[in-house]
Amino acid sequence: MSLANFSDHPDDAPLAGYIVADFTRVLSGPYCTRLLADLGATVIKIERPGEGDEVRYVLPQLNEERADQSAYFARMNAGKLGIAIDFAHPDARELVHALVRRADVVVENFSPGVMAKYGFDEASLRAIKPDLVYCAISGFGQTGPLRKLQAYAHLINAFSGMMELDRAGQFEPRASNLQAADVLAGAHAFGAVLAALLRRARTGKGAFIDVSMLECLVAADDVNFPALLNGHPVQRQPRAGMLVQAIGDRHLAMQVSGVASMWTRLTELMGRPELRDDERFATPAARRRNWALLAETIGQWLQGFDSVEAAIQVLSEARLPNVPVLHPEELIEHEQMRARGAFVAVAHPVSGDARVTATPFQLDGDPIVPAGPVPWRIGEHSEQVLIEQLGLTPERIRQLAERGVIAVS
């Protein structure tokens, strides 16, 4: 059975029956809770009335008549239920506490101290729900002298040293297009939440999970920090073995290091067997030291091909790893992505289907897709959640809305 049918057959979902109180916003937290929702958890996204998640307002918008239904928001929040609660209202605490008592997991990504200001920090919520799994995602972690700094992926990239390393000794520091720190933090949080739920099932013990965007980004580095931590210098130069070469009006990406036999196969293919034993290139260390010269030599050979496609065919037949450098417009229509079900549609009440990314792993041979649509309007599911989860009456909900505790739409 396809996992696309989780919503029709909820018992088949790995996280069916689990409830997540989602206090997250922007990217790192919503990415974590989107993964939990896709695996069948009931995720209740809690937003501020009238404001909501700030990425609602990012361009492009999926409804030209509104400014709060962005493609960004849709991707991160598909399959969740949306409720609007004003944390600052004196009556909000009782309502949030009631939701948390029903929940198995709380995920939040505010700066440390914000949740405590409203009485929703881990210690306060554990007092009413002892076996709660509470996950806090922040830029620098919940401890340390920088714990309260606001954090965005761009800033974490700068502070982590990654922005400096990406210069490769050639460029001025620059902002990266990829929001890696956010997505890495969300993915690590997702895995930690699942592990905590397994422990709770075995022992009955809850958990406090503290995820640092900074530490997640540092953990993603493969060679630089291991070298530094063991007394070796960082190589501030283009990464040896990783080649990007222009051929005509396109580019080819090629890996020329890794398996020991790769170097031999490449020199034979190039018709340059003498390079294999050349003292400048004979060992991995020598090739690393002389990478600029080696990259130029390989690049000149690649420029002899008529096209990227011709180079790909020859390199692939020789089992040398390579791919074309694609534009995003090419990738979203690529047959590989179609075969994997990597982009799926969720229903939009005005514009029809909105395309979002699927969860980036499959289960039992099927892609995992959102369990439902997006909470397009702030507080879209407030009534549904309060009735189904807390047993509130329509009259009680109306009173809460009139006093500004909640918003319904």
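Residues numbered from 1 in each chain as written. Predicted model: local features only at pLDDT ≥ 70, side-chain atom pairs only at ≥ 80, totals over all residues. Heavy atoms only, no water.

Colleague: Kindly report on the confidence of the model for the protein, identifying the contributing residues and their values.
Modeller: This prediction gives the protein a mean pLDDT of 93; 98% of its residues lie at or above 70. Across residues 1–9 the pLDDT falls below 50, and counting only partners more than four positions away or on other chains, this stretch makes 18 contacts in the model. (pLDDT = per-residue confidence, 0-100. Contact = heavy atoms within 4.5 Å.)

Colleague: Let's hear about the layout of surface pockets: which residues, and what values?
Modeller: Within this model, the largest pocket holds a volume of roughly 680 Å³. As for the largest pocket, its lining consists of 24 residues, and the residues nearest its centre are Asn157, Met162, Leu165, Asp166 and Arg239. Among the secondary structure elements, those contributing two or more residues to the lining of the largest pocket are α6 (153–159), α7 (162–166) and α8 (180–203). (1 Å grid on protein atoms, 1.4 Å probe; cavity = no way out; pocket = protein on both sides within 12 Å on 5 of 7 lines; lining within 4 Å. Points joined across faces, edges and corners; volume = space filled by probe spheres on them. Helix = DSSP H or I, 4+ residues; strand = E, 2+ residues; numbered from the N terminus.)

Colleague: Describe the nonpolar core, naming the residues involved and giving the relevant values.
Modeller: Leu36, Cys135, Ile137 and Val211 are the most contacted members of the largest nonpolar core, which has 49 residues in total. The element contributing the most residues to this core is α8, with seven residues. Dropping the residues within four chain positions of it, Leu36 is found in contact with Leu15, Val20, Ala41, Val43, Phe190, Val193 and Leu194. (Core = buried A, V, L, I, M, F, W, Y, C linked by side-chain atoms within 4.5 Å. Buried < 20%, exposed > 50% of the residue type's maximum accessible area, 1.4 Å probe, protein only.)

Colleague: Break down the environment of Glu274 for me, with residues and values.
Modeller: Within the fold, Glu274 resides in the loop between α11 (260–270) and α12 (284–289). Judged by relative accessible area, which is 45%, Glu274 ranks as partly exposed. One polar contact links Glu274 to Arg272, side chain to side chain, over a distance of 2.4 Å. (Polar contact = N/O pair within 3.5 Å; in protein donor to acceptor, adjacent residues only side chain to side chain.)

Colleague: Give a description of unusual backbone geometry that names residues and reports values.
Modeller: With an omega of 0°, the peptide bond between Leu59 and Pro60 qualifies as cis. Within the secondary structure layout, Pro60 lies in the loop between β2 (42–47) and α2 (71–77). Notably, Ala168 is not glycine yet its phi reads approximately 55°, a positive angle. Relative to the assigned elements, Ala168 resides in the loop between α7 and α8. The class of Ala168 is buried, set by a relative accessible area of 13%.

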